[in-house]
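So you can see what is in the structure, the chains are spelled out below.
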Amino acid sequence: MRPRLSLHPDRLLPADPGTREVARRVYAEVADLPIISPHGHVPPAWLAEDTPFRDPTSLLITPDHYITRLLHASGVDLARLGVGRGELSEPESREAFRIFCERWPVYRGTPMKLWFETVLDQVFGSDLVPSAQTADELYDQIAAWTTLDSSRPRALMDTFDIAFLATTDDPCDDLAHHRTLAEDPTFTRTVVPTFRPDRYLEPAAASWIADVDRLAEVSGQDTGGYAGWVAAMEDRRAYFKAHGAVSTDHSHRDLGTEPLEAAEAERLYAEARAGRISAADGDRLRRHMVAEMVRMAAEDGLTMTLHPAVHRNHHPGTFETYGADAGADVPIAVEVTRALQPALARHGTDPGLTLVVFTIDETVYSRELAPLAGFYPSLHVGVPWWFIDAPDAILRFRAAVTESAGFSRTSGFIDDTRAFLSIPARHDMARRMDSGFLARLVAEHRLTEEEAVETARYLVQTQPREVFGL
Amino acid sequence: MRPRLSLHPDRLLPADPGTREVARRVYAEVADLPIISPHGHVPPAWLAEDTPFRDPTSLLITPDHYITRLLHASGVDLARLGVGRGELSEPESREAFRIFCERWPVYRGTPMKLWFETVLDQVFGSDLVPSAQTADELYDQIAAWTTLDSSRPRALMDTFDIAFLATTDDPCDDLAHHRTLAEDPTFTRTVVPTFRPDRYLEPAAASWIADVDRLAEVSGQDTGGYAGWVAAMEDRRAYFKAHGAVSTDHSHRDLGTEPLEAAEAERLYAEARAGRISAADGDRLRRHMVAEMVRMAAEDGLTMTLHPAVHRNHHPGTFETYGADAGADVPIAVEVTRALQPALARHGTDPGLTLVVFTIDETVYSRELAPLAGFYPSLHVGVPWWFIDAPDAILRFRAAVTESAGFSRTSGFIDDTRAFLSIPARHDMARRMDSGFLARLVAEHRLTEEEAVETARYLVQTQPREVFGL
Amino acid sequence: MRPRLSLHPDRLLPADPGTREVARRVYAEVADLPIISPHGHVPPAWLAEDTPFRDPTSLLITPDHYITRLLHASGVDLARLGVGRGELSEPESREAFRIFCERWPVYRGTPMKLWFETVLDQVFGSDLVPSAQTADELYDQIAAWTTLDSSRPRALMDTFDIAFLATTDDPCDDLAHHRTLAEDPTFTRTVVPTFRPDRYLEPAAASWIADVDRLAEVSGQDTGGYAGWVAAMEDRRAYFKAHGAVSTDHSHRDLGTEPLEAAEAERLYAEARAGRISAADGDRLRRHMVAEMVRMAAEDGLTMTLHPAVHRNHHPGTFETYGADAGADVPIAVEVTRALQPALARHGTDPGLTLVVFTIDETVYSRELAPLAGFYPSLHVGVPWWFIDAPDAILRFRAAVTESAGFSRTSGFIDDTRAFLSIPARHDMARRMDSGFLARLVAEHRLTEEEAVETARYLVQTQPREVFGL
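Since the structure is predicted, the reported quantities are computational estimates derived from the model, not experimental observations.

Colleague: Whenever I open this one, the interface of chain C and chain A confuses me. Can you help?
Modeller: Reports of interface size often rely on the accessible area that becomes lost once the parts have come together. Counting residues at the interface gives 41 residues for chain C and 42 residues for chain A. Elements that contribute at least two residues to the side of chain C that touches chain A include exactly α1 (17-30), α15 (341-347), α16 (363-373), α17 (391-405), α18 (423-443) and α19 (449-467) of chain C. It is α16 of chain C that provides the largest number of residues to the side of chain C that touches chain A, a total of eight residues. Among the residues forming the side of chain C that touches chain A, the class breakdown is 14 nonpolar, 16 polar and 11 charged.

Here is the structure:
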């Protein structure tokens, strides 16, 4: 008899029976609350055009580097999974899906397994466990599902009860898709852009001059000098804000916010425009620019999220063949206390400023982030991100942060995903883990159950609204 | 019906029923042992003069930066809490207390909540949960309590059963309060000073020249040259030791103990005296001075406690308005293995030396501190300090340190607090967490219950006496 | 009544009764599988010559720095334990053993206690708890045991069911003992050498010139120039491989693999040969040589294990008196992402390459190692090593690594020990902890019990064979 997939109602709750009882009751209070997703990577075109999904592989495998990287580590060429290629033929797509199903055991113990099982059960209504034997049947089930009207993105926004969804967008984007959605009276969900200006803040990067030229075009500001760059940024932030944006997102190698003297900033900017800036000076100017962004955030009120300390495109061969975002980005250590000091010294108590720092370097939770967020009203500790958006890591995060910063200084859950179908599974995992954490505090008589329930609702409903100014 | 506060007898013990049974029995063996507090910040004047406490806010809120910083993070001006001001008027004091009560939920999940609840129940005999509704009634209850004779510091030393209490004092202090206490036959508790010379070891700091001048005056040694500085330090250590001191305490940005050549030390000292030393040379001279302190400790037997790696006064605006110790100190990463190597190479096996290294950077527990303390007889791992003096962090500490260093290489609990009323609650928390940790080892058949009980008593009674040479 | 030692059958399994039930069933499936020990330090002479063990102290205390270092920390001179001396007299040996027994409580909470108890019970059949009272009787029991034929190394290989054992050997070693074992038809177990070339890769070390001269002699390659060094290394690797070696082992201060230009490598090599290379250039050349080793590994298929970031001989006094490996090696922080990038850029997807990175710096598990091993097919995360080869640390390792890399990207257990008698205890501990970890995932409905059992068997049987190419 082949195994059948079934989701246990108590999955992810603590094993101790007494604690689980409490966790069940806490979780029940938040399980069905609407989803607020203030940071993620769903393409707005999907929703604007309500594009049907094509085939199981392009839906679930190819674009999801959480999935493809472990297959790659187990010896599968990314090309066989469709990465960096155009549309796969039906046999190729089916073959890629089979590879995934055959190697299903590599996901044991990972959140990818749990998310995928949740999608199989709750979205596709399947009880098949992926394997060489089930690959074709499962492929057919999912392929059939993609043809239904109820499987289209807009319908799923309702089914998933996603009340708020932020996408991630280039500052030069015209946000046409967002306008389409905003102007459509039949679309009742809220979808907003996020201002993601990284490329314009890396003056030593190869594409920077062209990027900044394009910025000039779009903003109508002359980006030939630093003042023009600032004006262009302010212009585009205002444009995004007018289109509903609530936040800007930033990912650089470090968190540095050391400002330069005005003349030095001008000089380095000119060097960069001339294509002559060194890598070290590029970093200095970038830190100055990030500090400028903090100042703008304090003024225009857009929440500023920081996702630092990643070595992008670690494997050059993969980058050359498949481009960026192919799963070869790898975290490095981060430093927060000194890096953010200049910005916090100037704006840390500005009532208009909200900073959220995410990290994969868990060492900074108890050492730096919680102590900082426990003092500065502007600073919030981001929930676990990317590699550590995972059950045990979520508990480690709460245990490391809560004892000095409490619950009120965190960010609310963000899913940070382009895997649209997994959004409910990801939010559900966070709710379960937070409920289990709170239940342990109750079981240890550190909170009353009433306090735990109130806190759980706060984390799901109130906190993301407050932190992202919804 | 409004909620009533009640302390559960099993609070903080592990949730698993079998483990909890063991934990209860282990805890029962240590729950009522006298308190030994070998490092803290209670002002000796309180005890010498047996000053009555004034009002709830100046007693519980204003001086406790664990409390004020989270209120500040939630948007409250420190000034409204009385920080950096003289005595508050009764309406101001009541208002500050109300702010605290209204924002009580920000402490959920923190040890501050648990300490405060313990004080409410066990010191004030109150069953009120702080809130906007209860603020006034609670204020009145505490205000009434402060007027009782049994609420004065000396009476509380008996009620709390504090057998030994060390304060923290400037090397130039005349220790008059300690003398008063030592000479008073009616005072049966032991209160001793601690030698805290940080300011005299930071030659690049603005106040250093004046500080060292004052040191000359007090010690009668000419601190115009390095040899005089050494003699002055030795003089004051001897003075402190004669007044009962058992330890010296040190907090610098790093743990460096690299000595300089004698001539180089002289030269840098002269530069510092002339007000010309650079920040980098100031650090080099400071590390040399710390190495000198290790040498003195090996000779005079005063235990040397190290609390490194804090970015003091992180927010300049707060420092300018409210001064130091206003909650804006933030930890940074620390390195131990290389930093202490020069001192340990010279004195690490000296029988007279006892070093205790505290840290907020938990990464060094298993990587550096436990391996070092598991080899060097002079080195002990300090229990969790400040931000991580908290239930889950205590368990992480034990789990990270014990497997390579056992229990015998740690420091015994220190409360490090100026929040006098919370001292019993803090020691009780540590006893509960250690009992729970030991109970888990019993439940996993790694210790017998007899070994666990013996270890628990050792940690509370024997270890602090041994480590601090009582 | 004196306490009696007894090993609980459920030792080290999780305390929660439901989880323990599952853990028992999972563990039962792997408890009796043969031992594969692909990295350790058992002297091959013991097996080749089937030397009987001499006395309890030289068997269990003197050579085991896990044991001696905690005694040293508690104030015992290493000399009294026999370290750095020739054979102890019977009274000296008995005295050393008594010191150990008297101080038995210092091991509470450590794996050393658990390993030792397992050896007492399962190897010696003793039920004595070490103490001043039992020291002599226990000494006599063990001394009697050493005289039995069944106590000799070869018999124990069978009793312990060690199917595969790798030793650690100098590249210049003639591997005569291994040849003896391989050519002996009566010896049915597999014992192979491991190529450990560290000393030949540290060009700034005092002994390097002599070492490389000896390498020239043994390999017949002229190591006067860099090309000859490369040829000599390739020659000795081939020799080791011909004698059954499956891996090379490397331990340097950092993980750097930055290659030099060919001419620069030549130049630095010449400097080193002339005894003139600086420490910094020695590090640069060493990193180049490590990169060369990665290239060789990709070509000859020997698995490359890396044990970086240890400050060797931290206490010079101990080194002078007792030599290396006397327990005074102390870990430092390590960096992986950037250090391995050059090697992974060139060889990270080579099908022939297997790298295994071990660490005592637990911070890199979730931040760097798991993300890297979850992408590169050549990279595996080594199980906890040395100070962190311990129950709680094993659980932390699995929790930190599994959520992004799953189980398939780890190394299988290695015991890394010269304490021959403890090998079964160490493997048993790892099996119990992994079973407990898997059981928790089952209890939290993250794995089915069938998946957990399959994974447990995979970790014990299949993974070490795959990772070490057996």
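Colleague: Looking at this structure, I do not really get the domain arrangement of chain A. What am I missing?
Modeller: All names here are of chain A. Its domain assignment divides chain A into domain 1 (52-151) and domain 2 (194-467). Relative to domain 2, the C-alpha centre of domain 1 lies at a distance of 31 Å. On the domain 2 side, the residues contacting the 15 residues of domain 1 number 17 residues. For the side of domain 1 that touches domain 2, the element with the highest residue contribution is helix α6 (residues 111-123), accounting for six residues. Residues of the side of domain 1 that touches domain 2, tallied by class, amount to eight nonpolar, five polar and two charged.

Colleague: What's the story with the sheet that holds strand β9 (residues 379-381) of chain C in this structure? I'm lost.
Modeller: Strands belonging to one sheet form pairs held by backbone hydrogen bonds; the direction of such a pair is parallel or antiparallel. Residue and element names in this part refer to chain C. With respect to topology, four strands assemble into an open sheet ordered β4-β5-β8-β9, the strand pairing being parallel. Every other strand in the sheet has two partners, leaving β4 (247-250) and β9 as the edge strands with one partner each. Pairs of neighbouring strands in the sheet enclose a mean axial angle of 20°, with direction left out of account. Inspection of the sheet shows strand β8 (residues 355-357) paired to β9 by three bridges, in the parallel sense. Opposite V357, over in β9, you have V381 as the bridge partner.

Colleague: Where do I start with the interface of chain A and chain B in this structure?
Modeller: Counting residues at the interface gives 41 residues for chain A, matched by 42 residues for chain B. Of the residues forming the side of chain A that touches chain B, the biggest block, eight residues, is contributed by helix α16 (residues 363-373) of chain A. Class assignment for the residues of the side of chain A that touches chain B results in 14 nonpolar, 16 polar and 11 charged.

Colleague: Honestly, helix α6 (residues 111-123) of chain C in this entry has me stumped. Any pointers?
Modeller: The periodicity of an α-helix, 3.6 residues per turn, causes residues three or four places apart in sequence to face the same way. Across its 13 residues, α6 of chain C extends 17 Å between first and last C-alpha, which sits within 8% of the 18 Å expected from 1.5 Å per residue. Taken from the residues just after α6 of chain C, G125 of chain C is the one with a positive phi, measuring 65°.

Colleague: Would you take a moment to explain the pairing of strand β2 (residues 162-166) of chain B for this structure?
Modeller: When a strand is regular, its side chains alternate between the sheet's two faces. Residues and elements named next belong to chain B. When strand β1 (residues 35-37) meets β2, the two strands line up parallel, connected through three bridges. Residue I36 lies in a different strand from β2, and its bridge partner there is F164. In this structure, β2 lies alongside strand β3 (residues 190-192), joined through three bridges in parallel fashion. Note on β3: the bridge partner recorded for A166 is V192.

Colleague: Would you mind showing me how to read the relation of the copies chain A and chain B here?
Modeller: One chain copy maps onto the other through a rotation about an axis and a shift parallel to that axis. Least-squares fitting of chain A to chain B yields an RMSD of 0.0 Å, with the superposition described by an axial translation of 0.0 Å and a rotation of 120°. Expressed as a symmetry operation, the mapping of one chain copy onto the other fits a three-fold axis. Among all C-alpha atoms of chain A, that of D16 of chain A lies closest to the rotation axis, at 3.5 Å.

Colleague: Explain the sheet that holds strand β5 (residues 303-306) of chain B to me, please; I cannot follow it from the model alone.
Modeller: Residue and element names in this part refer to chain B. Taking strand neighbours across the sheet as the criterion, the four strands line up as β4-β5-β8-β9 in an open arrangement whose pairing is parallel. Two strands in the sheet have a free side with no partner beyond their single neighbour: β4 (247-250) and β9 (379-381). Pairwise comparison of adjacent strand axes, ignoring direction, gives a mean angle of 20° for this sheet. Packing against the sheet, helix α16 (residues 363-373) makes contact with β8 (355-357) and β9, and its axis sits at approximately 135° to β9.

Colleague: Before we go on, may I ask you to explain the environment of I162 of chain C in this structure?
Modeller: Residue and element names in this part refer to chain C. Inspection of the secondary structure puts I162 in strand β2 (residues 162-166). With 128 residues separating them along the chain, I162 and P34 place their C-alpha atoms 5.9 Å apart. If we ignore the near neighbours within four places in the chain, the residues touching I162 are I35, S37, M157, R189 and I423.

Colleague: It is not clear to me how the nonpolar core should be interpreted in this structure. Could you clarify?
Modeller: Nonpolar side chains in soluble globular proteins tend to end up buried together. L369 of chain A, L369 of chain B together with L369 of chain C are the most contacted members of the largest nonpolar core, which has 449 residues in total. Contact partners of L369 of chain C, with chain neighbours within four places excluded, come to V336, V357, T359, V364, V381 and V401 of chain C.

Colleague: Just checking my understanding: could you explain the relation of the copies chain C and chain A for this structure?
Modeller: For the match of chain C to chain A, the screw axis carries a shift of 0.0 Å, the RMSD comes to 0.0 Å, and the turn is 120°. Interface overlap between copies: only 5% of the residues of chain C at the interface are likewise at the interface in chain A, consistent with a contact formed by different surfaces.

Colleague: Whenever I open this one, the pairing of β5 of chain B confuses me. Can you help?
Modeller: Residue and element names in this part refer to chain B. Of the two faces of β5, the one holding T303 and T305 and the one holding M304 and L306 are both buried throughout. In this structure, β4 lies alongside β5, joined through four bridges in parallel fashion. Bridging from a neighbouring strand, S247 pairs with T303 of β5. Pairing of β5 with β8 involves three bridges; the strand directions are parallel. Of the residues in β8, the one forming a bridge with T305 is V356.

Colleague: Please explain the packing of helix α17 (residues 391-405) of chain A against helix α18 (residues 423-443) of chain A as it appears in this structure.
Modeller: Geometry of a packed helix pair, given as the angle between the helix axes and the separation of the axes. Residue and element names in this part refer to chain A. Where α17 contacts α18, the axes come no closer than 10 Å and their chain directions differ by 45°. Viewed along their axes, α17 and α18 adopt a mutual orientation that is oblique. With respect to the hand of their crossing, α17 and α18 are arranged in right-handed fashion. Residue-level inspection shows P391, I394, L395 and R398 of α17 in contact with α18, the latter providing M429, A430, M433, D434 and F437. Class assignment of the residues belonging to the contact of α17 with α18 gives a composition of seven nonpolar, no polar and two charged.

Colleague: Mind showing me how you'd approach the confidence of the model for chain A here?
Modeller: Mean pLDDT over chain A works out to 97, with 100% of the residues at or above the 70 mark. Among the scores for the predicted complex, ipTM is 0.98 and pTM is 0.98.

Criteria and cut-off values
- Residues numbered from 1 in each chain as written.
- Chains lettered and ligands numbered in written order.
- Predicted model: local features only at pLDDT ≥ 70, side-chain atom pairs only at ≥ 80, totals over all residues.
- Contact = placed C-beta atoms within 7 Å.
- Helix = DSSP H or I, 4+ residues; strand = E, 2+ residues; numbered from the N terminus.
- Nonpolar A, V, L, I, M, F, W, Y, C, P; charged D, E, K, R; others polar.
- Domains from an automatic or database assignment.
- Pairing = 2+ DSSP bridges.
- Axes fitted to C-alpha atoms, helices over the stretch in contact; angles between N-to-C directions.
- Expected span 1.5 Å × (residues − 1).
- Least-squares fit on C-alpha atoms with pLDDT ≥ 70 in both.
- Core = buried A, V, L, I, M, F, W, Y, C linked by C-beta atoms within 7 Å.
- Buried ≥ 20, exposed ≤ 12 C-beta atoms within 10 Å, placed from the backbone.
- Parallel < 35°, antiparallel > 145°, perpendicular 65-115°, else oblique.
- Left-handed = near helix turned anticlockwise from the far one by under 90°.
- pLDDT = per-residue confidence, 0-100.

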